[in-house]
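So you can see what is in the structure, the chains are spelled out below.
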Amino acid sequence: MTGIVDAPPAFTPAKSLLKDGDHSPAQVLATLDLADRLKAQRRAGTETPGLMGKNVALVFEKASTRTRSAFEVALRDQGGAGVYFDSTSSHMGSGESVEDTAKVLGRMFDGIAYRGFDQTDVEQLAEFSGIPVWNALTDQWHPTQALADLMTMRESAARGFGDMSVCFIGDSSDNVARSLMVSAASLGVDVRIASPAGYQPDDRTIAMSEEAAKASGGSVTVTADIDTAIDGVDFLYTDVWLSMGEKESLWEERITALRPYRIDESVIDATRNPHVKFMHCLPSFHDRATTIGRAAFEKYGLDGIEVSDHVFRSDHSIVFEQAENRLHTIKALMIESLSPRSVTGSQA
Ligand code: CP
């Protein structure tokens, strides 16, 4: 375990991250290794600024707690600065094209973090800005979440990715599940998906994951059979079934389909792994402390929607480690893109 050194990079450092699979497994491992070191340095108070003088545009067309915080705190920790644009504070999309906005931002900033809807928007920002662009979530992908997930899995398991398994349960057609599938498969993880028909990943994502697993020695299983999928698994992962702003008319259909995939104590027991860990990208509807959580309880009797409050708060849960690791991985990603220094000694 060493600090950051100034020797020439051993491989091409990663720049933009628009979707999972953009970075090679070696680049992902280097980012995770750097994130581990940055986490240790932050805790020891020995962090040195690697983004001095760097300015990053934070263009967020959707709400965020973790991702925005991670980018902003990472920049401050490392001597850089972020300028935050919410959905109403720039002209992009309404009064100015994505292309023109990208060309402007590219002349003033060193990098762009973008959270929005269409994947084509983040791709256009990268194409026309000429600076590194990081996807902070689109409808299709959430690659910075996957980096934190992988960091947390390795930290928790304390062994290589080729010796671990993860099962995503519930609506695996969403961006978090798709990113996890491709990223984990590319590092050799045994990736399992337990979702009902209609809530499974699209064929393209399955093909990408299978191809990545073939190269890494990992595996990918997609099934509706939760009992088979969770048997002996190391990590259980889920995400919300209902999104803020989603039509209530869709709730009944989604809840009916996904209810057998809710993670409660019986699912933990059914893994037959007393050390199984529970993961969630957050936010979560695990109790009645949110508007949606209360509504789901009143209408459907669900006290905790995708996960029970008991599991969420249990010793199995590593959700807040995941949340913290958003900071360290996003910091590592920006340093590698903007101020690349040699990274050696992968733990994979
Ligand atoms: N997991 C995640 O992306 O959280 P935020 O929406 O709070 O950024």
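Residues numbered from 1 in each chain as written. Predicted model: local features only at pLDDT ≥ 70, side-chain atom pairs only at ≥ 80, totals over all residues. Heavy atoms only, no water.

## Remarks on the overall build of the chain
At step 1: Of the regular secondary structure elements, the chain holds 13 helices and nine strands.
At step 2: The C-alpha atoms of the chain give 20 Å as radius of gyration, which agrees with the globular expectation for 348 residues (20 Å, within 12%).
At step 3: Its C-alpha atoms put the chain at 50 × 50 × 40 Å along the principal axes.
At step 4: Scored against the burial criterion, the 348 residues of the chain give a buried share of 55%.
At step 5: Considering only residue pairs separated by 6 or more positions, the chain has 78% of its internal contacts joining residues 24 or more positions apart. (Helix = DSSP H or I, 4+ residues; strand = E, 2+ residues; numbered from the N terminus. Rg over C-alpha atoms; globule rule 2.2 N^0.38 Å. Buried < 20%, exposed > 50% of the residue type's maximum accessible area, 1.4 Å probe, protein only. Contact = heavy atoms within 4.5 Å.)

## Side note on the sheet that holds strand S1 (residues 55-60)
Strand pairing in a sheet relies on backbone hydrogen bonds. The paired strands run either parallel or antiparallel.
At step 1: As summarised here, the arrangement of the four strands in space is S2-S1-S3-S4, forming an open sheet in which the pairing is parallel. Single-partner strands in this sheet number two, and they are strand S2 (81-85) and strand S4 (133-135). Pairs of neighbouring strands in the sheet enclose a mean axial angle of 20°, with direction left out of account.
At step 2: Sheet contacts for helix H4 (residues 119-129): strand S3 (111-115) and S4; angle to S4, the most-contacted strand, approximately 170°. (Pairing = 2+ DSSP bridges. Axes fitted to C-alpha atoms, helices over the stretch in contact; angles between N-to-C directions.)

## Describing the nonpolar core
At step 1: Phe71, Trp134 and Met334 are the most contacted members of the largest nonpolar core, which totals 53 residues.
At step 2: Broken down by element, the residue count for this core peaks at seven residues, all from helix H13 (residues 319-338).
At step 3: Met334 has contacts with Leu51, Val56, Phe71, Ala74, Leu75, Trp134 and Ser339, leaving out every residue within four places of it along the chain.
At step 4: Membership of the second largest hydrophobic core comes to 20 residues, among which are Ala194, Ile230, Ile268 and Val307. (Core = buried A, V, L, I, M, F, W, Y, C linked by side-chain atoms within 4.5 Å.)

## Details of the site of the ligand
At step 1: What surrounds the ligand is the set Ser64, Thr65, Arg66, Thr67, Arg115, His142, Gln145, Cys281, Leu282 and Arg326.
At step 2: Between Ser64 and the ligand, the recorded distance is 2.6 Å, taken from a side-chain N or O atom to an oxygen atom.
At step 3: Here an oxygen atom of the ligand sits 3.3 Å away from a polar atom, N or O, in the side chain of Arg326. (Near = heavy atom within 4 Å. Polar contact = N/O pair within 3.5 Å; in protein donor to acceptor, adjacent residues only side chain to side chain.)

## Considerations on unusual backbone geometry
Trans is the prevailing form of peptide bonds, just as negative phi is the prevailing case for residues other than glycine.
At step 1: Here the residue pair Leu282 and Pro283 is connected by a cis peptide bond, since its omega of 0° sits within 30 degrees of zero.
At step 2: Looking at where Pro283 falls in the secondary structure, it is placed in the loop between strand S9 (277-280) and helix H11 (291-300).
At step 3: Of note in the backbone geometry, Leu137 takes a positive phi value of approximately 130° without being a glycine.
At step 4: Here Leu137 is to be found in the loop between S4 and helix H5 (143-157).
At step 5: In this structure Leu137 comes out as buried when scored by relative accessible area, which is 12%.
At step 6: Positive phi values are uncommon outside glycine, yet Ala158 reaches one of about 55°.

## So, the side chain of Arg326
At step 1: Its location among the elements puts Arg326 in helix H13.
At step 2: When neighbours within four sequence positions are excluded, Arg326 is seen to be in contact with Arg66, Thr67, Ala70, His142, Thr144, Gln145 and Ala148.

## Let's talk about the confidence of the model for the chain
At step 1: Predicted confidence across the chain gives a mean pLDDT of 93, with 93% of residues reaching 70 or more.
At step 2: Within the model, the stretch residues 1-9 combines pLDDT values under 50 with 16 contacts to residues more than four positions away or in other chains.
At step 3: Segment residues 342-348: pLDDT under 50, and 24 contacts once partners within four positions in sequence are set aside and those in other chains are kept. (pLDDT = per-residue confidence, 0-100.)

## Notes on the packing of aromatic side chains
At step 1: Applying the stated criterion across every chain, the model contains four aromatic pairs.
At step 2: Centre to centre, the rings of Phe60 and Tyr84 are 5.7 Å apart; their planes meet at 45°, and the pair counts as tilted. Here the residue Phe60 occupies a position in strand S1, and Tyr84 occupies one in strand S2, the gap between them amounting to 24 residues.
At step 3: Judged by its relative accessible area of 1%, Phe60 falls in the buried class.
At step 4: Here Tyr84 falls in the partly exposed class, since its relative accessible area comes to 27%.
At step 5: Note that Arg288 overlies the ring of Phe297, its terminal NZ or CZ placed 3.7 Å from the centroid. (Phe/Tyr/Trp six-rings, centres within 6.5 Å; stacked < 30°, edge-to-face > 60°. Lys NZ or Arg CZ within 6 Å of the ring centre and 35° of its normal.)

## Comments concerning the environment of Glu211
At step 1: Structurally, Glu211 is set in helix H7 (residues 203-216).
At step 2: Given a relative accessible area of 61%, Glu211 falls into the exposed group.

## Remarks on the sheet that holds strand S6 (residues 190-194)
At step 1: Strand order in the open sheet formed by five strands is S7-S6-S5-S8-S9, and the pairing between neighbours is parallel. Each edge of the sheet is formed by a strand with only one pairing partner; in this case those strands are strand S7 (219-223) and S9. Mean inter-strand twist for the sheet, computed between neighbouring axes without regard to direction, equals 20°.
At step 2: Pairing of strand S5 (residues 165-169) with strand S8 (residues 235-238) involves three bridges; the strand directions are parallel. Residue pairing in the sheet places Cys167 in a bridge with Leu236 of S8.
At step 3: Along the sheet, H13 makes contact with S8 and S9, crossing S9 at roughly 45°.

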